[in-house]
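Spelled out from the first residue to the last, the chains are:
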Amino acid sequence: MTTPEIDLRSDTVTRPTPEMLAAMAHASLGDDSRDGDPTVARLEDIAAQQCGKQAGLFLPSGTMANLVAILAHTGRAGEVLMEATSHTLTSELGGIGALAGLFTRPLPGHRGAPDFDALRAAVRRPGIGRNRVGTALIQLETSHNHAGGAVLPLALMAAIRGLSLQHNVPVHIDGARLFNAATALGVGVDVIAQHADSVNFCISKGLSAPIGSLLCGTEEFIENARGYRRMVGGNLRQAGPLAAAGIIAIERMSTRLGEDHATAKQLATGLAALDPSLVDPAAIETNIVRIDVSRSPLDAASWEQKLGSVGIRVGAYGTEKQLRLVTHRHVDAAAIDRVLEEVGRMLRR
Ligand SMILES: Cc1ncc(COP(=O)(O)O)c(C=O)c1O
């Protein structure tokens, strides 16, 4: 019998559950962008309700959800403020400039959270002054991908919300892993989303659905976003089967994410026991474990290759000195034990 592969490259590798596949097979097939589709409409309602917002919009990806949110908030004018290592700045190929035509101001931060004083100093009322571009949007990210799944503190979000209201600047949350953040904080996603005008989350990551993201906000904002979704080619047609999987993702899969956080902690604790320079287990808040291999005898590509040869897939991250390991539904405690055994063997060689 061959040992099953353990894929820690991302939580996007999670397969739909049998319940999702059954629901997909029997879902409605309305043309969502012509007559509407009842399953898509239900998914959008459920997403909005969970986030405490008036309306929701189903989009193909988190990248498109961010782009559409940015377009709908700004109308392609002004400056967007966000922490320098935000996914939108580092991994969305400059769409914010190239497609939305906006200026961005990367802010210094700590564990993905923008420095509040730097943010306060950077905010300028929209349209103020003849020689300055006004702030059109503040964007936040939680959990934070590049900061190893770190979660934004609610008190900081509340302070940023206060600042945004004071300056009449909207706030958007890139919550690709919003349910992970909420699980880590022990609150509903609405408690996080209350600090923003709009929020998006992915059903395609740890929630196990095959495709999709939901953007939520006021009815007016979502109507506007629907137009921009069409502009960027994200109109959906017979998306009922994807929405059917998405409903199960939200209703059933969001409640099990604590298991992924526990396996991430187990992984980080075990790795630190092998070599404390690799990772600080106390920094693990959700399902992402970033490993620093700069003091390991092997570079990130060698980790990838050597672990790959024993059926464990990990991803080098940005440089040859870092890896990102992500836990999810297909990785249980026994799988983590096997990973730790193989890493131990690799490091001893
Ligand atoms: C924080 C964050 N935002 C946005 C995205 C983009 O999502 P997608 O891959 O669906 O475009 C990701 C993907 O990993 C992410 O981690």
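Residues numbered from 1 in each chain as written. Predicted model: local features only at pLDDT ≥ 70, side-chain atom pairs only at ≥ 80, totals over all residues. Heavy atoms only, no water.

*Asks:* I'm lost on the side chain of T286 in this one. Help?
*Replies:* Tracing the chain through its elements places T286 in the loop between helix 12 (257–274) and strand 11 (288–292). What makes T286 buried here is its relative accessible area of 0%. Not counting residues within four places of it along the chain, the set of residues in contact with T286 comprises S143, G149, V151, N180, A181, A184, D260, H261 and A264. (Helix = DSSP H or I, 4+ residues; strand = E, 2+ residues; numbered from the N terminus. Buried < 20%, exposed > 50% of the residue type's maximum accessible area, 1.4 Å probe, protein only. Contact = heavy atoms within 4.5 Å.)

*Asks:* I'm lost on the site of the ligand in this one. Help?
*Replies:* Taken together, S61, G62, T63, N66, H87, E92, E141, N145, D174, A176, R177 and K205 are the residues near the ligand. Taking G62, its main chain carries an N or O atom lying 2.8 Å from an oxygen atom of the ligand. Between a nitrogen atom of the ligand and a side-chain N or O atom of D174, the distance comes to 2.7 Å. If the ligand stood free it would expose 390 Å²; the protein chains cover 83% of that surface. Counting residues per element, the shell around the ligand draws most heavily on helix 3 (residues 62–74), which supplies three residues. (Near = heavy atom within 4 Å. Polar contact = N/O pair within 3.5 Å; in protein donor to acceptor, adjacent residues only side chain to side chain. Areas by Shrake-Rupley, 256 points an atom, 1.4 Å probe, with all protein chains shown as cover.)

*Asks:* For this particular structure, what's the right way to read the pattern of salt bridges?
*Replies:* Any two side chains of opposite charge can pair, so long as their charged atoms come close to each other. Considering all chains together, one arrives at 19 salt bridges under this definition. Between E19 and R252 there is a salt bridge, with the nearest N and O atoms lying 2.8 Å from each other. Here R252 lies in the loop between helix 11 (240–251) and helix 12 and E19 lies in helix 1 (residues 18–25), a separation of 233 residues in the sequence. Here E19 falls in the partly exposed class, since its relative accessible area comes to 36%. Among the charged side chains, a salt-bridge network with shared partners connects R338, E341, E342 and R345. (Salt bridge = Lys/Arg side-chain N within 4 Å of Asp/Glu carboxyl O.)

*Asks:* Hey, could you run me through helix 7 (residues 154–167) in this one?
*Replies:* Owing to its 3.6 residues per turn, the α-helix brings residues three or four apart onto one side. Counted at 1.5 Å a residue, the expected span for helix 7 with its 14 residues is 20 Å, and the 20 Å between its end C-alpha atoms agrees. Here helix 7 has its buried residues at L156, M157, I160, R161, L163, S164 and H167. Buried positions in helix 7, seen along its axis, are confined to an arc of 165° and lie on one side of it. In helix 7, the exposed positions that point more than 90 degrees away from the buried face belong to A155, L165 and Q166. Elements that come into contact with the buried residues of helix 7 comprise strand 6 (113–114), helix 6 (116–122), strand 7 (135–141), strand 8 (171–174) and helix 9 (189–193). Of the residues one or two after helix 7, N168 is the one with positive phi, at around 60°. (Expected span 1.5 Å × (residues − 1). Arc of directions from axis to C-beta.)

*Asks:* Please explain the sheet that holds strand 13 (residues 315–316) as it appears in this structure.
*Replies:* Backbone-to-backbone hydrogen bonds join strands into a sheet, with any given pair of strands oriented parallel or antiparallel. The strand order across the open sheet formed by three strands is 11-14-13, and the pairing between neighbours is antiparallel. Strand pairing shows two members of the sheet lacking a second neighbour, strand 11 and strand 13, which therefore form its edges. By the bridge criterion, five bridges tie strand 11 to strand 14 (residues 322–326) in an arrangement that is antiparallel. Paired with I288 across the two strands is V326, which belongs to strand 14. (Pairing = 2+ DSSP bridges.)

*Asks:* What is the right way to look at unusual backbone geometry in this model?
*Replies:* It is generally the case that most residues other than glycine have a negative phi and that most peptide bonds are trans. The linkage connecting T142 with the following residue, S143, adopts the cis geometry, with an omega of -10°. Locating S143 in the fold gives a position in the loop between strand 7 and helix 7. The backbone phi angle of R111 is positive, close to 50°, even though this residue is not glycine. Its place among the elements puts R111 in the loop between strand 5 (109–110) and strand 6. Residues other than glycine seldom take positive phi values, yet S208 does so here, at roughly 80°. In this structure, S208 sits in the loop between strand 9 (198–202) and strand 10 (213–217).

*Asks:* I'm lost on the nonpolar core in this one. Help?
*Replies:* Soluble, globular proteins show a tendency: their nonpolar side chains are buried together. In this structure, C51, F58, L119, I138, F201, I203 and I250 are the most contacted members of the largest nonpolar core, which totals 50 residues. Broken down by element, this core gets its largest block of residues, six residues, from helix 11. With sequence-adjacent residues up to four places away left out, I250 is seen in contact with L43, I46, A47, Q50, F179, F201 and I203. Membership of the second largest hydrophobic core comes to 28 residues, among which are I284, V289, V293 and V331. (Core = buried A, V, L, I, M, F, W, Y, C linked by side-chain atoms within 4.5 Å.)

*Asks:* Got a minute to help me understand the state of the cysteines in this structure?
*Replies:* Per the stated rule, a full pass over the model turns up zero disulfides. With no disulfide of its own, C202 lies closest to C216 among cysteine sulfurs, the gap being 12 Å. For the unlinked cysteine C216, the closest cysteine sulfur is that of C51, found at 4.2 Å. (Disulfide = S-S within 2.5 Å.)

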